[in-house]
Amino acid sequence: MFKKIATLLIVSIVIISCSGSSDGPSGTTDNFDREAMLSNLANNIIVPAFADFKTKIEGLKSSAETFSQTPDQTNLDALRQAWFNAYKTWQHVAMFEIGKAEELQFVYFFNIYPLTVADVETNIANGTYDLNHVNNHDAQGFPALDYLLYGIGANDTEILVKYTTDANAANYKKYITDIVAKMDEIIEAIVNDWNGAYKNSFITSSGNTATSSLNKFVNDYIFYYEKRLRANKFGIPAGNFSTNSLPEKVEAFYKQNISKELALEALTAVQNVFTGKAYNGSTTGESFKTYLENLGRNDLVTLITNQFNTAKAQINTLDNNFYQQINTDNNQMTMAYDELQKAVVLLKVDMLQAFNVSVDYVDADGD
């Protein structure tokens, strides 16, 4: 909950003291078309990604309803595939916590992990629950489905028993359809917002103020990279912020062999936003990269691009199963964290200074 806490004066002092050497060429004038960048981000990346995610969630909802009606192996497999497809697409929209997504705090309905299993089981046993309540943020979304599809039995036979002959079978099925319905409700509201008046207001809010779309979006982008990707997917389970490693805190704990794939998908999404690459194609438009180039900071573009690629290369050396990787050779996991961390300084200090944008959230993990 450390997002969007105003510490502008303190952070400005830190940035000035830490990065005086990262200024652009003397006398450089910022004549970049920020509105064109926001237009490319909105029309070619954000809106298409959210539209695709909505389609994936609709597919997940349909599969959940089919499984609820006929809980057999075929429908379980189909539901699992729909969950995985949606989970991968989530990695491409999770950073867009702006507009209706920010208002609804959408991340709390989709991907708060580790899951609190006791809350899930209590909700199912009771048969009644309020998914809007803060106490249920860690009992729904993709992590809850991860548990319900893979973690409630030692094998598929035991899992299917929970949905067929178990005393709470009806409640187990209802919980799946309810949490998916909540996800569908949230994403529909977000997509409608972007397809309505919000997209134009986002694009035209290109000024350099704390509340402008551009300044908020740049901060959201860096916040996502630093916290949701670097810290949550790597640092916390690897033990970078604790005395011991915490492998049980990996993403997709019950379907563990997809943790690397989800992390790589997230890093690819970050890279695509930086370069302005269209969500549904290979074309690129105005972006953070072209903005820096316009400011004469090709050196910084090269440093950021290379560091993203170095981090990706290190992640690719890891086991597909991050839980197993941490338990067998955590040094490799912490090395991936370290490579991701190196880009934080480039983004949070050097890029923000080049854009003349201040950080609008508190760094709470000491990096």
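Residues numbered from 1 in each chain as written. Predicted model: local features only at pLDDT ≥ 70, side-chain atom pairs only at ≥ 80, totals over all residues. Heavy atoms only, no water.

- An unreviewed UniProt entry annotates the protein chain as Putative lipoprotein of Tenacibaculum adriaticum.

1. Some points on the overall build of the protein chain
Part 1: Helices and strands together make up the secondary structure of the protein chain, namely 14 helices and zero strands.
Part 2: Along its sequence from the N terminus, the protein chain presents helices and strands in the succession α-α-α-α-α-α-α-α-α-α-α-α-α-α.
Part 3: On C-alpha atoms alone, the protein chain measures out to a radius of gyration of 21 Å, which is about the 21 Å that the 2.2 N^0.38 rule sets for 367 residues.
Part 4: Dimensions of the protein chain along its principal axes, counting C-alpha atoms only, are 75 × 50 × 35 Å.
Part 5: Counting every position in the protein chain, which comprises 367 residues, the buried fraction comes to 52%.
Part 6: Expressed as a percentage of contacts within the protein chain between residues at least 6 apart in sequence, the contacts between residues at least 24 apart total 78%. (Helix = DSSP H or I, 4+ residues; strand = E, 2+ residues; numbered from the N terminus. Rg over C-alpha atoms; globule rule 2.2 N^0.38 Å. Buried < 20%, exposed > 50% of the residue type's maximum accessible area, 1.4 Å probe, protein only. Contact = heavy atoms within 4.5 Å.)

2. Thoughts on helix 6 (residues 117-126)
Part 1: Along helix 6, the positions that sit buried rather than exposed are V120, N123 and I124. Angularly, the buried residues of helix 6 cover 95° about the axis, an arc narrow enough to put them on a single face. Relative to its buried face, helix 6 has exposed residues pointing more than 90 degrees away, namely A118 and N126.
Part 2: Its buried side turned inward, helix 6 meets helix 7 (141-151) and helix 9 (169-204).
Part 3: Looking one or two residues past helix 6, G127 carries a phi angle of roughly 80°, positive in sign. (Arc of directions from axis to C-beta.)

3. Points about the packing of aromatic side chains
Part 1: Under the counting rule described, the total for this entry stands at 34 aromatic pairs.
Part 2: An angle of 55° between the planes, with centres 5.2 Å apart, marks the rings of W90 and F106 as tilted. Placement of W90 in helix 3 (residues 73-93) and of F106 in the loop between helix 4 (100-104) and helix 5 (107-110) is noted, with a sequence separation of 16 residues between them.
Part 3: Aromatic pair F202 and F217: ring centres 6.1 Å apart, planes at 80°, arrangement edge-to-face. Placement of the pair is F202 in helix 9 and F217 in helix 10 (residues 213-238), with a sequence separation of 15 residues. (Phe/Tyr/Trp six-rings, centres within 6.5 Å; stacked < 30°, edge-to-face > 60°.)

4. With respect to the packing of helix 10 against helix 11 (residues 259-275)
Part 1: The interhelical angle for the contact between helix 10 and helix 11, taken along N-to-C directions, is 160°, at an axis separation of 11 Å. As far as their axial angle goes, helix 11 and helix 10 are roughly antiparallel. Crossing of helix 10 against helix 11: the hand is left-handed. On helix 11, the residues that touch F217, Y221, Y224, Y225, L229, K233 and F234 of helix 10 are A263, A266, L267, V270, V273 and F274.
Part 2: Residue composition of the contact of helix 10 with helix 11, by class: twelve nonpolar, no polar and one charged. (Axes fitted to C-alpha atoms, helices over the stretch in contact; angles between N-to-C directions. Parallel < 35°, antiparallel > 145°, perpendicular 65-115°, else oblique. Left-handed = near helix turned anticlockwise from the far one by under 90°. Nonpolar A, V, L, I, M, F, W, Y, C, P; charged D, E, K, R; others polar.)

5. A closer look at empty space enclosed by the protein
Part 1: This model, assessed by the stated rule, comprises one cavity of 30 Å³ or more.
Part 2: Taken as a whole, the largest cavity encloses approximately 60 Å³ of empty space.
Part 3: Lining the largest cavity are I45, A49, H92, F96, A269, N272, V273, K277, A278 and Y279.
Part 4: Going through the elements one at a time, helix 2 (34-69) and helix 11 are the ones with two or more residues in the lining of the largest cavity.
Part 5: The element contributing the most residues to the lining of the largest cavity is helix 11, with three residues.
Part 6: For the lining of the largest cavity, the class distribution of residues is seven nonpolar, two polar and one charged. (1 Å grid on protein atoms, 1.4 Å probe; cavity = no way out; pocket = protein on both sides within 12 Å on 5 of 7 lines; lining within 4 Å. Points joined across faces, edges and corners; volume = space filled by probe spheres on them.)

6. Observations concerning unusual backbone geometry
Part 1: Residue P114 follows Y113 across a cis peptide bond; omega there is 5°.
Part 2: Note that P114 resides in the loop between helix 5 and helix 6.
Part 3: A positive phi is found at Q105, a non-glycine position, where the angle reads about 50°.
Part 4: Inspection of the secondary structure puts Q105 in the loop between helix 4 and helix 5.
Part 5: Of note in this structure, N356 is not a glycine but carries a positive phi near 60°.
Part 6: With respect to the helices and strands, the residue N356 is situated in the segment after helix 14 (322-355).
Part 7: Owing to a relative accessible area of 58%, N356 belongs among the exposed residues under this scheme.

7. Concerning the nonpolar core
Part 1: Ranked by size, the top nonpolar core spans 116 residues in total, and within it F110, L148, F234 and M351 carry the most contacts.
Part 2: Non-local contacts of L148, meaning those with residues more than four positions away in its chain, are made with V120, I124, I159, Y163, Y172, Y175, I176 and I179. (Core = buried A, V, L, I, M, F, W, Y, C linked by side-chain atoms within 4.5 Å.)

8. Considerations on the environment of Q69
Part 1: Considering the arrangement of structural elements, one finds Q69 in helix 2.
Part 2: By relative accessible area, which is 65% here, Q69 ends up exposed.
Part 3: On a C-alpha basis, the gap between Q69 and A170 in space is 10.0 Å, while along the polypeptide they are 101 residues apart.

9. Brief notes about the confidence of the model for the protein chain
Part 1: Taken as a whole, the protein chain shows an average pLDDT of 92; of its residues, 91% reach a score of 70 or greater.
Part 2: Counting contacts from residues 1-27, a segment whose pLDDT is below 50, to residues more than four positions away or on other chains yields 46 contacts. (pLDDT = per-residue confidence, 0-100.)

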